[in-house]
Structures are given as structure tokens and as C-alpha cells.
Amino acid sequence: MIELSLPQLAAHVAQLNATEPGPSALAEHVLTTGNGHALADRATRPRALALDCARHVLLRGDPDALDPADLAPLAHRYIDAPAPFLPVLGAAFDHVVPRERLVYVRQQATTPPRPPRTVTIRPLTSSDAPALVVLPAESAWIHASWGGPSGLGRSGHAWGAFGQGRLLALACTYFRGGAYEDIAVLARPGRRHQRLALHCVLALSRDIATRGRGVSWTCSRHDRPSRLLAWTAGFRLVHEYVHYASGAAVAGGDRLPDGCRGPARAG
């Protein structure tokens, strides 16, 4: 596959159903923010498209247009693809693991209890990048779709709960689509911080509504804390789907060099 420029992607993004809630917002996120990559089997009238951002992938089009080796750049990703792509995915990687996913849309208003007096709920700015940098390494996924801590801080699409100089909880737009913004949430361990995460989610949701967009929330079927937090914040289930965790790329039966590999965000 070859990489498309943003103007080339703009001509084809309509075929990706980018107006649906949930992961389809990834396509317009790549187009409008420049974070991520657009790949295609050819530059003119592509038959297959892959949008790759923060190790999440939308793969659409005609699977017969692709050879397994074409998918090597999508190793160690979470790939959202229709069922006809499964044979070529299975041939492209040493393993392909299905993961059940749930898409929620905010449909009901919710009023949270007041936060503690020592906690401030506010939008993040570029000056908050250091607070994002010091998050544990396993939390770095939260800013991956914005290109890192600085990108998320200056995006204008994140709210945080701050107490005693520390970032305790955070909600941000993960993929910004034209119709929906798909959000992500992070909180330090502890029940109290989950309540602070609720404040951040509701503040972010209000912000998104003022931009004239819907709010969606995508999580694993097995992530009970996220499902409970989504429900408490007024989100309701609208869609279920499966994405596929890809393993190492295989070309001609041989595994590709280590340089083609990388960690993937938990599904």
C-alpha cells in the first residue's frame, strides 16, 4: 500500500461512513488534524483504504485488491474491517484476535455531585503538557491520537481534574469526526477519581455539544468500569462490532524484521 496525502484522502473519505458514531470518526480525525496515516492500494481511484491513527485502523473497500504483504504496515494494530477482509488479514499476520467492542452515544442529561473544594475541573491548555508527560507509561495512549502530550494539550479537546498540582482524571476527544467526537477517559486508580472522571466527561460533552456534534464512547465489552461510567454519564448503547488485534506481519511465510513491530493499545 502507498501513503495518500491529505488532499488525496479528502477525495475518498466519504466512502468510509465517517458520519457514524464510534470509530469511524478516525477517518475525519486523520483528515482534519493530520495525525495518523492514510494508506491505499493506489493513488488514483483506490479500491482499498486504511486509516491508521494511534494504532487503531479503519480498513475499507475491496479485499481482493490487497495481497497479504500489502498489510505489513498494519502489524500490531487494532483493525476495524468488514468480515470479507478476514482471509487476507489471516494471511498477513501471525495471529489475528477478535475483540468485541461497544459504541455508546450520549442521550441523557446527567448532573454530577459537586467536586471536592480542592479539585478544579477545567479545559487543558498547552501549559498542561508537563502534567501529561509525567503520566505512567501505560497511560500514554490517551494522547496518542493527538501526536503526544503537547498535541493534546493545545488541541482544545480535553478536560482535566486537577488537585494539589496533579492531574487526577482526564477526558478528551480521541477521534474528532464531523458528526461525532469519540471520547476517551483516564483516571488515576481509586473510586474517588472515577467520580472526577465523570465530571471531566460531562464537561467535555457539553463542550462538544456547543460545537454542534454528538458524543460517542467506544470501549471493550469486557471493560466494566468504562461501561458503568458511560451509563452514569448518560450514554446508551447503539452499536456493537468486532475489531481485530493483529500480530506480527508475515511475508512469504517469514516474519518481518523487528523494526516492523510495535506495542498496541489495549483493546
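Not measured: the values here are computed from a predicted model. (Residues numbered from 1 in each chain as written. Predicted model: local features only at pLDDT ≥ 70, side-chain atom pairs only at ≥ 80, totals over all residues. Heavy atoms only, no water.)

Concerning the pattern of salt bridges
Note the following rule: Whenever Lys or Arg places a side-chain nitrogen within 4 Å of a carboxyl oxygen from Asp or Glu, that contact is recorded as a salt bridge. Exposure categories follow from relative accessible area, calculated using a 1.4 Å probe and restricted to protein chains: below 20% of the type maximum is buried, above 50% is exposed, and the middle band is partly exposed.
Under the defined criterion, the tally for this structure stands at nine salt bridges. Across the salt bridge formed by R47 and D41, the nearest N and O atoms sit 2.7 Å from each other. The class for D41 is buried, based on a relative accessible area of 18%. Connected through shared salt-bridge partners, E181, D207, R211 and R213 make up one network.

Points about the nonpolar core
Condition: What we call a nonpolar core is a set of buried Ala, Val, Leu, Ile, Met, Phe, Trp, Tyr and Cys residues that are connected through their side-chain atoms within 4.5 Å. Under the DSSP-based scheme used, a helix requires at least four consecutive residues in state H or I and a strand at least two consecutive residues in state E, with every element numbered from the N terminus. Every residue pair with non-hydrogen atoms within 4.5 Å of one another is taken to be in contact.
Counting 31 residues, the largest nonpolar core has L26, L51, L132, I142, L152, L170 and C172 as the members making the most contacts within it. Among the elements of the structure, helix 2 (25–33), strand 2 (37–40), strand 3 (48–53), helix 4 (129–133), strand 8 (158–163), strand 9 (166–176) and strand 10 (180–187) are those that each provide at least two residues to this core. Tallying contributions element by element places strand 9 first for this core, with five residues. With sequence-adjacent residues up to four places away left out, L51 is seen in contact with L9, L16, L26, A27, V30, H37, A38, H56, V57 and L58. In terms of nonpolar packing, the next biggest core, distinct from the first, is built from 26 residues, L102, L204, W217 and A230 among them.

As for helix 2
By the burial criterion, the buried members of helix 2 are A25, L26, A27, E28, H29 and V30. Buried-residue contacts for helix 2 involve helix 1 (6–10), strand 2, strand 3, strand 4 (56–61), strand 9 and strand 10. Looking at the residues trailing helix 2, positive phi occurs at G34, about 80 degrees.

Quick word on helix 7 (residues 224–232)
Rules: To be clear, the arc concerns the directions from the helix axis to the C-beta atoms.
Three or more residues of helix 7 are buried, namely S226, L229 and A230. Down the axis of helix 7, the buried set is contained in an arc of 100 degrees. They therefore lie on one face. Trailing helix 7 by a residue or two, G234 shows a phi angle of about 95 degrees, which is positive.

Here we look at the side chain of N35
Operational definition: Whenever two N or O atoms come within 3.5 Å, that pair is a polar contact, provided that in protein one can donate a hydrogen and the other can accept it, and provided that, for residues adjacent in sequence, both atoms are side-chain atoms.
Turning to its location among the elements, N35 is positioned in the loop between helix 2 and strand 2. At 3.2 Å, the side chain of N35 and the side chain of T33 are in polar contact. Excluding anything up to four places from it in sequence, N35 contacts H29, V30, C53, S145, W146 and G147.

Observations regarding unusual backbone geometry
Phi is positive for R45, which is not a glycine, with a value near 50 degrees. With respect to the helices and strands, the residue R45 is situated in the loop between strand 2 and strand 3. The exposure class assigned to R45 is exposed, which follows from its relative accessible area of 67%. With phi around 55 degrees, H76 is a residue other than glycine that occupies positive phi space. Here H76 is to be found in the loop between strand 4 and strand 5 (78–80).

Comments concerning the packing of aromatic side chains
Using the following cut-off: Centre distance within 6.5 Å is the pairing criterion for rings of Phe, Tyr and Trp, where only the six-membered ring of Trp is used; planes under 30 degrees apart are then read as stacked, over 60 as edge-to-face, and the remainder as tilted.
Within this structure, the stated rule accounts for three aromatic pairs. Summarising the aromatic geometry, the rings of W141 and Y174 are spaced 6.0 Å apart at their centres and angled 55 degrees between planes, so their arrangement reads as tilted. Placement of the pair is W141 in the loop between helix 4 and helix 5 (149–153) and Y174 in strand 9, with a sequence separation of 33 residues. With a relative accessible area of 2%, Y174 lands in the buried category. An angle of 70 degrees between the planes, with centres 5.0 Å apart, marks the rings of Y174 and F175 as edge-to-face.

Purely spatial values, then, with no claim about function.
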